[in-house]
Amino acid sequence: MDSALVEEWQQRAQQVILGGVNSPSRSYKSVGGGTPPTMARAQGAYLYDVDGIKYIDYLAAYGPVILGHAHPEVTLAVQQAAAEGILYGTPTVWEVEFAEMLQAAVPELERLRFVNSGTEAVMTTVRVARAVTGRTKLVKFAGCYHGHFDAVLVAAGSGPSSMGTPDSAGVPLSTAADVITVPFNDLAALEATLAAFPNQVAAVLVEPIVGNFGMVPPAEDSFLQGVIDLAHTAGSLVIFDEVITAFRFHYGTAAQMYGVHPDLYALGKIIGGGTPIGAYGGRRDIMESVAPLGPTYQAGTMAGNPLSMRAGMACLRALQEPGLYGRLDDYGHRLEEGIMERAAVAGIPIGINRVKGAFTVYFGPQFAHPSHPLAVRDYREAQATDSNAFAAFFHAMARRRVWLAPSKYEAWFVTAAHSEEDIMETLQSVEGAFTELRAAGFAL
Ligand SMILES: Cc1ncc(COP(=O)(O)O)c(C=O)c1O
């Protein structure tokens, strides 16, 4: 970045905040280094840095800001909460109303609990599944991200159906030994794993549409039902991590899109309208294992706080605007087509996975001759995409004031605040960025 103020803030950040960021994904580590600009304001589809430079934002704060920044109704809800008290530590009318609203949208949330993050939500579903089944092992899918608690920071082991290895320092080997990681979109691997650990797997945990090695939907519509059938046959529960997907593609869950029924859900991001939130819930008989009704402990000082409840309700009400999801899909489609066309002209091999208003652009020569309608089907294929080309693209877009996530494994999120002009301006920037990539030798 060229400006004095941006540099000054970056230096101040480095002196006090570890690594200058409060979440590692915000650093530029995955895009060849450098320091991200410090933002000072956000409005609608735009972020403004400390020098007042405006960026068209497709990060959407990693997903929650589906309405765009400072949406008037969410802002009003936050103001009202501030005026009437943001935390009581008692039951409140808003948590009841919000739970009713979520249950009306997702009737399978027969009972639910609010927590403060997606991590907390998923973590608790795993505990509940272990409590209810009396088993300890967890099966998850490679490359899915479920937060930063120990059991989900486990990578695949040395071979199919083998026990996992810690994916972070500080995760005990004993924890990793209880987690088995299989490839997404691979029912045979799941079946083999469940057979290898009979009566030991408490739950199969999955992002029904992956958002964490790019947007990766099931390759076959039958995949999720297959996961559920295999898990249930093995006596295991099924947890859908819908922290990214719930209310992203329609007013409800990805499970509803596929007509499938997991036992437990973890939710987060969008349901808080940009405030800290998570929620988990599902079958009543399973949820009744949680304290105070049952022996499984989960608690939280901030859980169900009126600020998040009121912001979340305002967000969900705004999402009921007729045509809103259709518009996200339409803009997503236009961006996908426009980006593909410009890549073809520049000779840059790319593939795009898109689910309505969310998509990922992958780079690499393998996309010159696509063999499958999905650009990427599992984590291995995502890893094989070109990190250097992505990094060059990311920086070229940032210089053109289009804000993307600084990682090839993330998605672009179209928000309700993006306009026709934003889409056109973005495509112009893409054209310029591809010209740069061509000059840098990334064309075929
Ligand atoms: C699918 C999924 N689950 C869980 C989480 C963790 O949520 P949080 O960052 O709110 O703890 C994330 C965060 O990106 C996520 O994408």
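Going by the structure above, here's the rest.
So, how was this worked out
- Residues numbered from 1 in each chain as written.
- Predicted model: local features only at pLDDT ≥ 70, side-chain atom pairs only at ≥ 80, totals over all residues.
- Heavy atoms only, no water.
- Buried < 20%, exposed > 50% of the residue type's maximum accessible area, 1.4 Å probe, protein only.
- Helix = DSSP H or I, 4+ residues; strand = E, 2+ residues; numbered from the N terminus.
- Pairing = 2+ DSSP bridges.
- Near = heavy atom within 4 Å.
- Polar contact = N/O pair within 3.5 Å; in protein donor to acceptor, adjacent residues only side chain to side chain.
- Nonpolar A, V, L, I, M, F, W, Y, C, P; charged D, E, K, R; others polar.
- Salt bridge = Lys/Arg side-chain N within 4 Å of Asp/Glu carboxyl O.

Visitor: Give me the lowdown on the pairing of strand E12 (residues 278-282), citing residues and values where you can.
Guide: For E12, the buried fraction is high: 5 of the 5 residues fall into the buried class. A two-sided burial pattern is seen for E12, the buried positions comprising Gly-278, Tyr-280 and Gly-282 on one face and Ala-279 and Gly-281 on the other. Strand direction decides the pairing type here: strand E4 (residues 111-115) and E12, joined by 5 bridges, are antiparallel. Bridged to Arg-111 within E12 is Gly-282. Relative to E12, strand E11 (residues 264-268) is paired through 5 bridges, and the arrangement is antiparallel. What sits directly across from Tyr-265, in E12, is Gly-281.

Visitor: Describe the site of the ligand, listing the residues and the values that go with them.
Guide: Contacts to the ligand come from Ser-117, Gly-118, Thr-119, Tyr-145, His-146, Gly-147, Glu-207, Asn-212, Asp-241, Val-243, Ile-244 and Lys-269. In this structure, an oxygen atom belonging to the ligand sits 2.6 Å away from a side-chain N or O atom of Thr-119. Asn-212 places a side-chain nitrogen or oxygen 3.0 Å from an oxygen atom of the ligand. Classifying every residue of the shell around the ligand by side-chain character gives 3 nonpolar, 6 polar and 3 charged.

Visitor: Account for the pattern of salt bridges, naming residues and giving values.
Guide: The final tally for this structure, using the stated rule, is 14 salt bridges. Of the charged contacts in the structure, one is a salt bridge between Glu-84 and Arg-310, with a shortest N-O distance of 3.2 Å. Placement of the pair is Glu-84 in helix H2 (residues 72-84) and Arg-310 in helix H10 (residues 306-319), with a sequence separation of 226 residues. According to the relative accessible area criterion, Arg-310 is buried, its value standing at 9%. Within the structure, one salt-bridge network assembled from shared partners comprises Asp-263, Arg-283 and Asp-285.

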